[in-house]
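In case you want the letters, here they are:
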Amino acid sequence: MAALGVSLSTLVAAFVAVGTLGVAVPTPAAAQSFTYNPRPPKPTRPPAKNDGQMLVQANEVDYDYNNQRVSAVGNVQMFYNGTSVEADKVIYDQKTKRLHAEGNIRMTDAEGKITYANILDLSDDYRDGFVDSLRVDTEDQTRMAATRADRTSGNYTVFENGVYTACAPCKDDPKKPPLWQVKGARIIHNQTEKMLYFENAQLEFFGVPMAYLPYFSTPDPTVKRKSGFLMPAFTTYSAYGVGVEIPYYFSLAPDYDVTFNPRITSKQGVLLQGEFRQRLSNGAYQIRVYGIDQLDPGAFAGQPGDRQFRGGIETKGQFALNDKWTFGWDGVLLSDYFFMSDYRLAQYKDPFGSFMSLPTEAISQLYLTGVGNRSFFDARAIYYLSFSGNQDKVPVVAPVIDYNNVINSPILGGEFSYKMNFTNLTRETAVFDPITTLANDPNNPLCTPTSADSMARTPQQCLLRGMPGTYTRFTAEAQWRKSYTDPFGQIWTPFVSVRGDAINADISNQPGVSNFLPVGDTQTVRLMPAVGFEYRYPFINVQPWGTTTIEPIAQVIIRPNEPDAGRLPNEDAQSLVFDTSNLFAVDKFSGYDRVEGGSRANVGVQATTQFDRGGSVKAMFGQSYQLFGLNSFAVADVTNTGVDSGLQNARSDYVASVAYSPNRTYTFSVRSRMDEATWNVNRFEAQGSANFDRWSVSLMYGNYAAQPELGYLTRREGLLASGSVKVASNWVVQGAARWDLEANKINQYVVGAGYVDDCFVLAANYVTSYTYQAGSTPPVLSHAFMFQIGLRTIAQSSTASSSAGVQ
């Protein structure tokens, strides 16, 4: 409503100018228009900016000299400084200095706000006046209506029998009540405070009263930040009982604010929470603090939470140094590692984006990132705070630095690129992962050694997931490649690369570690040159129904054996899935700690069909061969990476994939890895999805052979399904579930329903998730229920309850 005053005041000033010109305007029967530069009279206060032209159109325009009135009658249209007014009749009385408009009034200001009325009567400075049958539509899609609006003192506007909503009217029946609206016997708008005060208000849904409030207030729609109470939230959890949060927001300045958010719990007292946020010219940061003086610490007997005071601090920030460089931080400091989970303070993931679970760790880091046209730099120091109590087994990474660059200018006619990585990490205690039934026996200490006697265990019973001590590695790699096509259409791509690693490992002599790695201080330099070429020969067949391309591919890589294979720490290359996506990768290891050595040939064929009427099919089939030298994937390291991957033999498993998309509605894909000798399926994944106007569904099937060297002693098989149905125009029901076919049970699921439109949100979700705690072998199955309701521009509230039990 603030903009309403500005718009009308400028129009009044402009219309006053018409009267002071003293121009007699003829009144023909036909409509006419005229344009002029008005000269306003000398005002008693600084005038509004009035440097534009005003255009008036009407069937009849008249100036009454005797009564000093200017009148425009019949289809009146006024345009001035970006604001327009339409009415059946507009009169300006120079004696009383009032503007009077009546009949089908529609005013549109420069900001897009539209005001409708039947009668409008205002003083020329818009300090006093009234409007009958008012309706206002703002640019942000909020709407207000009243039988009458009176304005006094240039600040207060009182709406009699006012109605406020942020919902659009029904297109088919505009008279139908909106989804929600707030009615008030009186709605008072204080333009200075930018507040709306509702007296005897009631909240209606579809015209049905649902709640009554004798009085409440809210910032007007122009306000983006305003001090005051926010909507309360409710939570329940066995650790603290029932919790009620009553947040209060302090808008201290345009660039910073504070939210005080105490949670009153039934069992543990008041959990104080506060957040400070500030935005600067080149970035923003925030600090959040927690603290509680627990009433019953004994409820956490035997756990880290058995203490009187518990709390924590979180902070994050990011700033731009210029258009290429950014630095920032994330920080977490807690009184104990169970605090966040005990009070359910960690954020949940999107319930329909993935299976939701509480985070198992928090990250504190400091980072610097730079992005060029064809280069990238990232440096950060990372501290992982474990929520499971295994802090001594979590590494501190300080720093890890990555840089890669592609030279813009050709070198020897080809593309030259290089990359570097520097990693330094420290861990207090070794991390062993049992992979056999014997090692999983809690009475067998072989994988959690406590004495020198346990060092007699065989390494094959465990994996060393994390080495104790300090590990430092610097890696630099350069590559050159060039592609050219001969007259027959064959594509030849020679390439040359060289990589060097400088490694220093200071490994603590803890029980069992010497079975995997040499303890003490070790330095080594690892060099891996490679030369190779890739050959492709695409065959293209064009038919009336589409185009098919069949492309045989062959790749040969010549290089020496991997130095110190399996005898160095492996922290970042523990995952390896061999499929068509990395069949032609020069180095198939996922990280820097392992480097592929030995000469190898990769061969395959790729076929693509593009249909003229839309849709495509893409398929690939291939195999990898160890030509000579040591096969890096056959060498067991501390994590057995590469073993049971399908690459451990001289002739690898076959890999195949097919992706089919007939249109935008359906997508299908299949990925498979088959044993080279028996053609038995060692890994198979099939996924399909369909997206229609009202519903969508996705289904993924996975079947994985046993990998005993990696700890998977039996075959794994399961289904992951998700879907959503739009049961009405704005109502959606969604769900997802994971079905373990080997155990024949659904072990994780989420279901939910919600209503979402541009003015209202209503959602309810029920989620199961697994968490792991120190000292407990079986996972803990948690159940969570969340409810959310939101009225745009008015309020948003959520409720959550959760429970946990060992399964």
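Residues numbered from 1 in each chain as written. Predicted model: local features only at pLDDT ≥ 70, side-chain atom pairs only at ≥ 80, totals over all residues. Heavy atoms only, no water.

Let's talk about the overall build of the chain
Per the secondary structure count, the chain includes 3 helices and 47 strands. Once local pairs closer than 6 in sequence are excluded, the contacts in the chain between residues at least 24 apart make up 51%. About 39900 Å² of surface is accessible on the chain, with carbon and sulfur atoms providing 57% of the total. (Helix = DSSP H or I, 4+ residues; strand = E, 2+ residues; numbered from the N terminus. Contact = heavy atoms within 4.5 Å. Areas by Shrake-Rupley, 256 points an atom, 1.4 Å probe, with all protein chains shown as cover.)

Topic: the pairing of strand β16 (residues 241-245)
Taken together, the 5 bridges between strand β15 (residues 233-237) and β16 define a ladder with antiparallel strand orientation. Note that in β16 the partner of Thr235 across the bridge is Gly243. The hairpin formed by β15 and β16 contains 3 residues between the paired strands. Inspection of the sheet shows β16 paired to strand β19 (residues 263-265) by 3 bridges, in the antiparallel sense. Bridge assignment links Val244 to a residue of β19, and that residue is Ile264. (Pairing = 2+ DSSP bridges.)

Concerning the nonpolar core
Among the nonpolar cores identified, the biggest contains 40 residues, and Val90, Phe159, Leu179, Trp180, Phe198 and Phe760 are the most heavily contacted of them. Counting 18 residues, the second largest nonpolar core, distinct from the first, contains Val397, Leu425, Phe432 and Tyr471. (Core = buried A, V, L, I, M, F, W, Y, C linked by side-chain atoms within 4.5 Å. Buried < 20%, exposed > 50% of the residue type's maximum accessible area, 1.4 Å probe, protein only.)

Examining unusual backbone geometry
Note the cis peptide between Ala398 and Pro399, where omega equals -5°. For Pro399, the position within the fold is in strand β26 (residues 396-406). Even without being a glycine, Gln68 presents a positive backbone phi close to 55°. Checked against the element boundaries, Gln68 lands in the loop between β3 (60-64) and β4 (69-80). Gln68 gets classed as partly exposed once you look at its relative accessible area, which sits at 32%. Of note in this structure, Asn161 is not a glycine but carries a positive phi near 50°. Within the secondary structure layout, Asn161 lies in strand β10 (residues 156-165).

Describing the pairing of strand β13 (residues 208-219)
Consecutive side chains along a regular strand alternate between the two faces of the sheet. By the bridge criterion, 10 bridges tie strand β12 (residues 195-205) to β13 in an arrangement that is antiparallel. In the sheet register, Leu203 faces β13, and the bridge partner there is Ala211. Counting the residues between successive antiparallel strands, the hairpin from β12 to β13 contains 2 residues, one of them, Phe206, with a positive phi of roughly 55°.

A closer look at the side chain of Gln181
Mapped onto the secondary structure, Gln181 falls in strand β11 (residues 180-190). The exposure class of Gln181 is buried, given its relative accessible area of 9%. Residue contacts for Gln181: discarding those within four places in its chain leaves Val163, Tyr164, Thr165, Gln202, Leu203 and Glu204.

Quick look at the pattern of salt bridges
A complete count under the given rule lists 32 salt bridges for this structure. Between Glu199 and Arg186 there is a salt bridge whose closest N-O contact spans 3.2 Å. Of the two residues, Glu199 sits in strand β12 while Arg186 sits in strand β11, which places them 13 residues apart along the sequence. The exposure class of Glu199 is partly exposed, given its relative accessible area of 26%. Its relative accessible area of 31% is what places Arg186 among the partly exposed residues. (Salt bridge = Lys/Arg side-chain N within 4 Å of Asp/Glu carboxyl O.)

Things to note about the environment of Phe628
Here Phe628 is to be found in strand β37 (residues 616-628). We classify Phe628 as partly exposed; its relative accessible area is 48%. Note: C-alpha distance between Phe628 and Gly598 (30 residues apart in sequence) is 6.3 Å. Beyond its immediate sequence surroundings of up to four residues, Phe628 is in contact with Ile558, Gly598 and Ser599.

Comments concerning the packing of aromatic side chains
One pass over the structure, following the stated rule, counts 33 aromatic pairs. Between Tyr256 and Phe276, the aromatic rings sit 6.0 Å apart at their centres with planes inclined by 35°, giving tilted as the arrangement. With a gap of 20 residues between them, Tyr256 in strand β18 (residues 256-260) and Phe276 in strand β20 (residues 269-280) connect regions that are remote in the sequence. Considering the side-chain rings of Tyr666 and Phe692, the 5.4 Å spacing of their centres and the 80° angle between planes classify their relative orientation as edge-to-face. One end of the pair, Tyr666, is in strand β39 (residues 666-674); the other, Phe692, is in the loop between β40 (681-691) and β41 (695-704), and 26 residues separate them in sequence. Through pairs of rings, three or more aromatic residues link up here, namely Tyr256, Phe276, Tyr285, Phe319, Phe327 and Trp329. Arg310 extends its terminal NZ or CZ atom over the ring of Phe300, reaching a point 4.9 Å from the ring centre. Cation over ring: Arg716 sits above Tyr712, and NZ or CZ is 3.8 Å from the ring centre. (Phe/Tyr/Trp six-rings, centres within 6.5 Å; stacked < 30°, edge-to-face > 60°. Lys NZ or Arg CZ within 6 Å of the ring centre and 35° of its normal.)

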